[in-house]
Amino acid sequence: MGARGTRGGRAARRSWWQDALHVAVVAAVSLAVALLGAVRLGTLPGTVGYEDAVGGEDAVHVDGSADGDLTDVDAAPEDAEPGDASLGRRVDAYLDENFPKTGVPGVAVAVVDSDGVRYLRTLGDCEDEHATFTIGSLSKSFTAVAIMQLVEGGKVNLDDPVRTYVPECREPDVVTVRSLLNQTSGFGYYDSLSEAWPGESLGSFSYANANYDLLGKVIECVSGHSYADYLEQHVFGPLGMDDSSARETGRADALGHRDYFGLNLSDGYAHVDGADAWGGASSGYVRSSVLDMARYLTMYLNGGEDVLSEGGVEALFFDRVPDLGGDSFYGMGWTSYYWDDGELVLSHDGQVENGVARMCLLPGRDMGIVILGDASDYFGGNDAFFQMANDIVSLAVGGGATGVDAGLRAQAHAQANRMLAVVAALALLPLALLHRWRLRLGDIPRDVVLWRLVFVHVGLPLLLWWVPDALLGARWRDLLAFVPDVGYVLAAAVGTLVVTGAAKVILLVRRRREARRLASRRSCRR
């Protein structure tokens, strides 16, 4: 009896350490994968890495506002940039070599001046200049233009509380139209419109899509038109931007790909607006073509044309607040900073679930540049796209180009895929060993079985479910939308552990019933 008990105890201890190791590895790897994907999720869908990258060592790879911006290296003096023919040769040669390295299926590039288009090219599955992309947070500048039109028309005062214009708005008076435009309302980065409320960052720059979602409501309430209708009548129409739209219907028609394990797939994804959504048309979901965006940038270089007064355009750029985390400023839908030689650069990046974009204005050179991409890839692809965008700006002003390193994206995906594979395998392990677990139930004390069951099949799934919110404050809905491969693997791991746990509970209940029946039969025989 004692020897048998000793063997059972050893078996229980061996089983415990195997389960403990399994739990530790699953938890560690899952947290690592979630962190790898989720930290990057924090760049969405505003300017890519805006809050962290501006002024940081890697800012040049993001929004071009690093202290030592590559686009300022060896640039030609103002008014001495490459001519149209030279510009075309330089950018064409660069794109021929580097576009394939980004992994982005389709890209469109335009360089303009106040007279119109100097260079335009589409590549990959972007077949012509009329193909539309979801332009992400470049949309914010359209919202700012619309608000400034209402200001110039005497219908909106920038310093009025926003609830002056939106009756159902519950925000306190400290949240003004200007604070929304400058992103100083104190709203949280991940706040949806229904969640937005001033926080600790009130009064200083803090990027949040909810600011521009609420400005969209101001436009609708003051004008009496939907946001989409207003832009069509007052911005797109006057500028001849016939390809552009802010309507929710038709978003699936825009070029777009989401990344799955290193493969950019056109899966038909289309963002759905709403008060609980993270971003809407007025903050990130206008769709436009490269030709339309070229016309749009030309409008700025011409002082507003028939859309805004020259003073209104200046206000969008220079009615601005400093980003305390860097050396840039945020105006009204535009970021501004200065190169080392003091030259002004106006820029904004965009990134949504299935697309990336950058627009840039160099007023001193009478130059505008827009680059649109039809995929979003958090594991190296977006970095590659924005490196390409940096290089195109550099070439346009007569500078050099760093080039895209395709190996970085491949390496990032290989690492991420290995981690996801380990998570999936370890989550499936308890299911694969379910039959063995059932056979060994008699060798393990009941309290140990129950403790492990709760820990592995309740605690660990709860931990995995908690990770996105705990690390970022992001919702699972957003994780699944922006990083679908990571989201689906983690969700499947949670589901598998829960289902396996439920199966174990059923087996335990059956075993207990069988034991009672056997005990009852033995009692009757006696």
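Computed from a prediction, not measured in an experiment: that's the story for all the values here.

Analysis parameters
- Residues numbered from 1 in each chain as written.
- Predicted model: local features only at pLDDT ≥ 70, side-chain atom pairs only at ≥ 80, totals over all residues.
- Heavy atoms only, no water.
- Phe/Tyr/Trp six-rings, centres within 6.5 Å; stacked < 30°, edge-to-face > 60°.
- Helix = DSSP H or I, 4+ residues; strand = E, 2+ residues; numbered from the N terminus.
- Lys NZ or Arg CZ within 6 Å of the ring centre and 35° of its normal.
- Axes fitted to C-alpha atoms, helices over the stretch in contact; angles between N-to-C directions.
- Parallel < 35°, antiparallel > 145°, perpendicular 65-115°, else oblique.
- Contact = heavy atoms within 4.5 Å.
- Nonpolar A, V, L, I, M, F, W, Y, C, P; charged D, E, K, R; others polar.
- Salt bridge = Lys/Arg side-chain N within 4 Å of Asp/Glu carboxyl O.
- Buried < 20%, exposed > 50% of the residue type's maximum accessible area, 1.4 Å probe, protein only.
- Expected span 1.5 Å × (residues − 1).
- Pairing = 2+ DSSP bridges.

(A) Region of the structure containing the packing of aromatic side chains. This model, assessed by the stated rule, comprises 17 aromatic pairs. Centre to centre, the rings of Trp 278 and Phe 482 are 5.5 Å apart; their planes meet at 65 degrees, and the pair counts as edge-to-face. Of this pair, Trp 278 sits in the loop between β5 (263-265) and α8 (281-284) while Phe 482 sits in helix α15 (residues 476-482), placing them 204 residues apart in sequence. Chaining the aromatic ring pairs together yields one cluster made of Phe 142, Phe 236, Tyr 296, Tyr 300, Phe 317, Phe 318 and Trp 334. Sitting over the face of the ring of Phe 329, Arg 320 holds its NZ or CZ atom 4.1 Å from the ring centroid.

(B) Up close: the packing of helix α4 (residues 139-152) against helix α7 (residues 227-239). Look at α4 against α7: their axes get within 11 Å of each other, and the N-to-C directions meet at 75 degrees. Taken together, the axes of α4 and α7 lie roughly perpendicular to each other. On α7, the residues touching Ser 139, Phe 142, Thr 143, Val 145, Ala 146, Gln 149 and Leu 150 of α4 are Tyr 227, Tyr 230, Leu 231, His 234, Val 235 and Phe 236. Grouping the constituent residues of the contact of α4 with α7 by class yields 9 nonpolar, 4 polar and no charged.

(C) Local environment of the pattern of salt bridges. Using the criterion set out here, one finds 17 salt bridges in the structure. Note that Asp 229 and Arg 247 form a salt bridge whose closest N and O atoms lie 2.2 Å from each other. Taken together, the residues span a long stretch of sequence, with Asp 229 in helix α7 and Arg 247 in the loop between α7 and β4 (258-260) at a distance of 18 residues. When its relative accessible area of 23% is taken as the criterion, Asp 229 is described as partly exposed. Arg 247 gets classed as partly exposed once you look at its relative accessible area, which sits at 29%.

(D) Fine view of helix α11 (residues 381-396). In a regular helix each residue adds 1.5 Å, so 16 residues correspond to 22 Å; α11 covers 23 Å between its end C-alpha atoms and thus fits that length. Burial analysis of α11 places 15 of its 16 residues in the buried class, which makes it a mostly covered element.

(E) Inspection of the pairing of strand β10 (residues 344-352) at higher detail. Taking burial as the measure, the 9 residues of β10 include 9 buried ones, the bulk of the element. Judged by which residues are buried, β10 turns out to be covered on both faces: Leu 344, Leu 346, His 348, Gly 350 and Val 352 on one side and Val 345, Ser 347, Asp 349 and Gln 351 on the other are all buried. As paired strands, strand β9 (residues 335-338) and β10 are joined by 4 bridges and run antiparallel to one another. Note that in β10 the partner of Thr 335 across the bridge is Ser 347. Joining the antiparallel neighbours β9 and β10 is a turn of 5 residues, in which Gly 342 adopts a positive phi near 90 degrees. Bridge count between β10 and strand β11 (residues 355-362): 7 bridges; the pairing is antiparallel. Looking at β11, one finds that Ser 347 is bridged to Cys 360. Between β10 and β11, which follow one another and run antiparallel, lie 2 residues.

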